[in-house]
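Structure at a glance
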Amino acid sequence: MKSKKEVLLKVFISTLYLSAFTFGGGYVIVTLMKKKFVDEYHWIEENEMLDLIAIAQSSPGAIAVNGAIVVGYKLAGMAGAATAIIATIIPPFVIISLISVFYNAFRDNFIVSQILEGMQAGVGAVIAAVVFEMGAGIIQGKQLSSILIMAAAFAATCFLKINVVYVVLVCIVIGIIRTILPKRRKAK
């Protein structure tokens, strides 16, 4: 890996770029962060990226910012986390500020509303790709218990309409139990 200054610069430019050109929420930026930091730079392993995204998703706040925090911290400590936060929040801040200034003009503009509808379709496709990639990552080379947990979480949220907060809390408890039990068995 390069010097810390070069890493910070790349983290800043990468997260700024991803945040500026990502529409559709945090899950879209997560996929692009994976492509950038795992596939292109090879700074993080794919399994580790999934773990970092799980941490980001289970933390309060926007997943795009949380994802940038954990990736930035992994790559360059607190300076990396701060750099990633700043770079991730600058584009939406600027865009929302501009939109708020021109809101009345945008609100009733037919062309703008059609553009936004088209973007919604593209965002849906990108989110579906994220779900597929993350699900495939869990299925490949993982334990049967992980696959069952994923399927149960999906069924609980989609079919049983259980609030996602409860599903995440239950998964946290399951993860803690799955971590503690093997350690206790080894200690005996």
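Not measured: the values here are computed from a predicted model.

This part is about the packing of helix α3 (residues 46-58) against helix α4 (residues 63-101). In helix packing, the relevant descriptors are the interaxial angle and the interaxial distance, both defined with respect to the helix axes. Relative orientation of the contacting elements α3 and α4 amounts to 135°, with a least axis distance of 8 Å. One finds that α3 runs oblique with respect to α4. Relative to α4, the crossing made by α3 is right-handed. For the pair formed by α3 and α4, the contact residues are Glu48, Met49, Leu52, Ile55, Ala56 and Gln57 on the first element and Ile63, Asn66, Gly67, Val70, Val71 and Lys74 on the second.

Here we come to α3. Here α3 contains 13 residues, and its C-alpha end-to-end distance of 18 Å stays within 8% of the 18 Å for a straight helix at 1.5 Å per residue. Along α3, the residues that are buried comprise Met49, Leu50, Leu52, Ile53 and Ala56. Take α3 and look down its axis: the buried residues cluster within an arc of 165°, on one side only.

Below, the discussion takes up the packing of aromatic side chains. Across all of its chains, the model carries five aromatic pairs by this definition. Residues Phe37 and Tyr41 carry aromatic rings whose centres are separated by 6.1 Å and whose planes lie at 55° to one another, so their mutual orientation is tilted. For Tyr41, a relative accessible area of 18% corresponds to the buried category. Ring centres 5.7 Å apart and planes at 85° place the aromatic pair Phe154 and Phe159 in the edge-to-face group. We classify Phe154 as partly exposed; its relative accessible area is 47%. Since its relative accessible area comes to 62%, Phe159 is described here as exposed. Grouped by ring-pair contacts, the aromatic residues Phe37, Tyr41 and Trp43 constitute a single cluster.

What follows covers the UniProt feature "transmembrane region" (unreviewed entry) in the protein. Per the UniProt record, the feature "transmembrane region" (unreviewed entry) sits at residues 7-30, 81-106, 118-141 and 147-177. Across residues 81-106 one finds 96% helix and 0% strand; the C-alpha atoms that close the span lie 35 Å apart.

Let us now look at the nonpolar core. Within the largest apolar cluster, 24 residues are counted, with the highest numbers of intra-cluster contacts made by Met33, Phe37, Trp43, Ile44, Met49, Val71 and Leu75. Elements supplying a minimum of two residues to this core: α1 (4-20), α2 (26-40), α3 and α4. Looking at this core, the element that brings in the most residues is α4, giving eight residues. When residues no more than four places from it in sequence are discounted, the contact partners of Ile44 are Phe37, Val38, Met49, Leu52, Val71, Lys74 and Leu75.

Next up on the list: the pattern of salt bridges. Where side chains of opposite charge bring their charged atoms close, a pairing between them can arise. One pass over the full model with this rule turns up three salt bridges. A salt bridge links Glu40 to Lys36, with the nearest nitrogen and oxygen atoms 3.4 Å apart. Residue Glu40 and its partner Lys36 are located together in helix α2, separated by four residues, close to a single helical turn. Assessed through its relative accessible area of 47%, Glu40 is described here as partly exposed. Across the pair Glu48 and Lys74 runs a salt bridge, and its minimum N-O distance is 3.2 Å. Linking Glu48 in helix α3 with Lys74 in helix α4, this pair joins segments that are 26 residues apart in sequence. The exposure class of Lys74 is partly exposed, given its relative accessible area of 38%.

For the structure on display, the rule yields one cavity of 30 Å³ or more. Computed from the structure, the largest cavity encloses a volume of approximately 120 Å³. Lining the largest cavity, in full, are Val30, Thr31, Lys34, Glu46, Met49, Leu50, Ile53, Val130, Glu133 and Met134. Those elements that place two or more of their residues in the lining of the largest cavity are α2, α3 and α6 (110-139). For the lining of the largest cavity, the element with the most residues is α3, which contributes four residues. Here the lining of the largest cavity is composed, by residue class, of six nonpolar, one polar and three charged.

Parameters at a glance
- Residues numbered from 1 in each chain as written.
- Predicted model: local features only at pLDDT ≥ 70, side-chain atom pairs only at ≥ 80, totals over all residues.
- Heavy atoms only, no water.
- Axes fitted to C-alpha atoms, helices over the stretch in contact; angles between N-to-C directions.
- Helix = DSSP H or I, 4+ residues; strand = E, 2+ residues; numbered from the N terminus.
- Parallel < 35°, antiparallel > 145°, perpendicular 65-115°, else oblique.
- Left-handed = near helix turned anticlockwise from the far one by under 90°.
- Contact = heavy atoms within 4.5 Å.
- Expected span 1.5 Å × (residues − 1).
- Buried < 20%, exposed > 50% of the residue type's maximum accessible area, 1.4 Å probe, protein only.
- Arc of directions from axis to C-beta.
- Phe/Tyr/Trp six-rings, centres within 6.5 Å; stacked < 30°, edge-to-face > 60°.
- UniProt positions renumbered as here; feature names shortened; annotations may be inferred.
- Core = buried A, V, L, I, M, F, W, Y, C linked by side-chain atoms within 4.5 Å.
- Salt bridge = Lys/Arg side-chain N within 4 Å of Asp/Glu carboxyl O.
- 1 Å grid on protein atoms, 1.4 Å probe; cavity = no way out; pocket = protein on both sides within 12 Å on 5 of 7 lines; lining within 4 Å.
- Points joined across faces, edges and corners; volume = space filled by probe spheres on them.
- Nonpolar A, V, L, I, M, F, W, Y, C, P; charged D, E, K, R; others polar.

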